[in-house]
Amino acid sequence: IFIFLSLFAVFCLLLSYLKIPETRGFDESEKISDGLKKYWGIMHDKTFVINSLVGGLTMSGLFSYITGSPFLYLEFFEMSSREYGYIFSINSIGFVIASQINAKILKKTPLDVALRRALIAPAIAALALIFIAPLYPNFYFVTFLFFITLCSCGMIMPNTSALALANHAQRSGSASALLGTIQFVLAAIMSLLISNLHDGTIVPTCIIVGVCSFLPLVINKFTTARHQ
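Residues numbered from 1 in each chain as written. Predicted model: local features only at pLDDT ≥ 70, side-chain atom pairs only at ≥ 80, totals over all residues. Heavy atoms only, no water.

(A) Expanded view of unusual backbone geometry. Despite not being glycine, Glu 78 has its phi angle at roughly 55 degrees, a positive value. Relative to the assigned elements, Glu 78 resides in the loop between helix H3 (46–76) and helix H4 (81–105). The exposed category is assigned to Glu 78, whose relative accessible area is 69%. (Helix = DSSP H or I, 4+ residues; strand = E, 2+ residues; numbered from the N terminus. Buried < 20%, exposed > 50% of the residue type's maximum accessible area, 1.4 Å probe, protein only.)

Given below as structure tokens:
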């Protein structure tokens, strides 16, 4: 695993250096000390904050699954490491397929509308994870619900990133950095909750992943209604 990651990192470094052109030249007037002022200004953009939270919670659901799924499948469902690897691969493939479908949808559908629709399926699966899965911990049922929430990440996260950065073309680097920070901080908090609430059942994983998958729809609906 570590050998592969090392080689992949070198490959990405070479690819970015050789094939990805610089879109903006270096601005000598900018100083590192101005970074916090930029971040503070970006945080005053409601569109950025809302979509950062939606994307951050979606990523939190993904990372919560990554944290809790080893116990879920290897111990609770008593699967082998190989079988767990297959399940993880299927979810990853679903994520990629969903992202490709999203790209085709965006050719005919506005970005905000596509995001709103993409939030519905994981929200429904989230309710089932929170209220049904703990009482009916069936392998196929639970796995299907997780598959829906994880695949949806491939549609939600790219759209929230695009919407969050839409108003910050002149400071895209700072906005992107802040967006990533918000997402990973939320993901770290939820992953920590999974670990601390572990009780030998699937309940903590189901509830936290469910909450992270349901709240994005609530936030999107509530903020959209307020701006209309």
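From this point, things continue past the structure.
(B) Main features of the environment of Lys 37. As for its position among the elements, Lys 37 is in helix H2 (residues 35–42). With 46 residues separating them in the primary sequence, Lys 37 and Glu 83 have C-alpha atoms 49 Å apart.

(C) Spotlight on the pattern of salt bridges. Applying the stated criterion to the full structure yields 1 salt bridge. Linking Arg 116 and Asp 112 is a salt bridge whose minimum nitrogen-to-oxygen distance equals 3.8 Å. With Arg 116 and Asp 112 both in helix H5 (residues 111–118), this residue pair falls 4 residues apart, about one helical turn. Under the relative-accessibility criterion, Arg 116 is labelled partly exposed at 23%. The partly exposed category is assigned to Asp 112, whose relative accessible area is 37%. (Salt bridge = Lys/Arg side-chain N within 4 Å of Asp/Glu carboxyl O.)

(D) Seen up close, the packing of aromatic side chains. On inspection of all chains with the given rule, the structure shows 12 aromatic pairs. Pairing Phe 63 with Phe 184 gives two aromatic rings, centres 5.7 Å apart and planes at 80 degrees, and the pair type is edge-to-face. Taken together, the residues Phe 63 in helix H3 and Phe 184 in helix H8 (residues 172–196) connect sequence positions 121 residues apart. Judged by centre distance (4.9 Å) and plane angle (75 degrees), the rings of Phe 139 and Tyr 140 are edge-to-face. Among the residues examined, Phe 139 registers a relative accessible area of 22% and is labelled partly exposed. Members of the aromatic cluster, connected to one another through ring pairs, are Tyr 65, Tyr 73, Phe 76, Phe 77, Tyr 84, Phe 88, Phe 139, Tyr 140 and Phe 146. (Phe/Tyr/Trp six-rings, centres within 6.5 Å; stacked < 30°, edge-to-face > 60°.)

(E) Looking closely at H3. In this model H3 runs 42 Å from its N-terminal to its C-terminal C-alpha over 31 residues, within 8% of the 45 Å that 1.5 Å per residue would give. A maximum bend of about 45 degrees is found in H3 at Gly 68, where proline Pro 70 lies one to four positions downstream. Here H3 starts with a cap whose side-chain oxygen sits 3.2 Å from the backbone nitrogen of Thr 47, and that cap is Asp 45. (Expected span 1.5 Å × (residues − 1). Bend = angle between axes of the 7 residues up to and from the residue. Polar contact = N/O pair within 3.5 Å; in protein donor to acceptor, adjacent residues only side chain to side chain.)

(F) Summary view of the side chain of Asp 45. Looking at the secondary structure, you find Asp 45 in the loop between H2 and H3. For the buried Asp 45, no salt bridge is present, and the opposite-charge side chain at shortest range is Arg 171, 6.8 Å distant. If we ignore the near neighbours within four places in the chain, the residues touching Asp 45 are Ala 164, Asn 167 and His 168. (Lys, Arg positive; Asp, Glu negative; His and termini not counted. Contact = heavy atoms within 4.5 Å.)

(G) Looking closely at the nonpolar core. In terms of nonpolar packing, the biggest core is built from 23 residues, with Tyr 65, Leu 72, Tyr 73, Leu 129, Val 142 and Phe 146 touching the most fellow members. Sorting the residues of this core by element identifies H3, H4, helix H6 (120–131), helix H7 (139–165) and helix H9 (203–227) as the ones contributing at least two each. Once residues lying within four places of it in the same chain are set aside, the contact partners of Tyr 65 are Pro 70, Tyr 73, Ile 87, Phe 88, Asn 91, Phe 146, Leu 150 and Val 209. Ranked by size, the runner-up nonpolar core spans 18 residues in total, among them Val 54, Met 190, Cys 212 and Leu 217. (Core = buried A, V, L, I, M, F, W, Y, C linked by side-chain atoms within 4.5 Å.)

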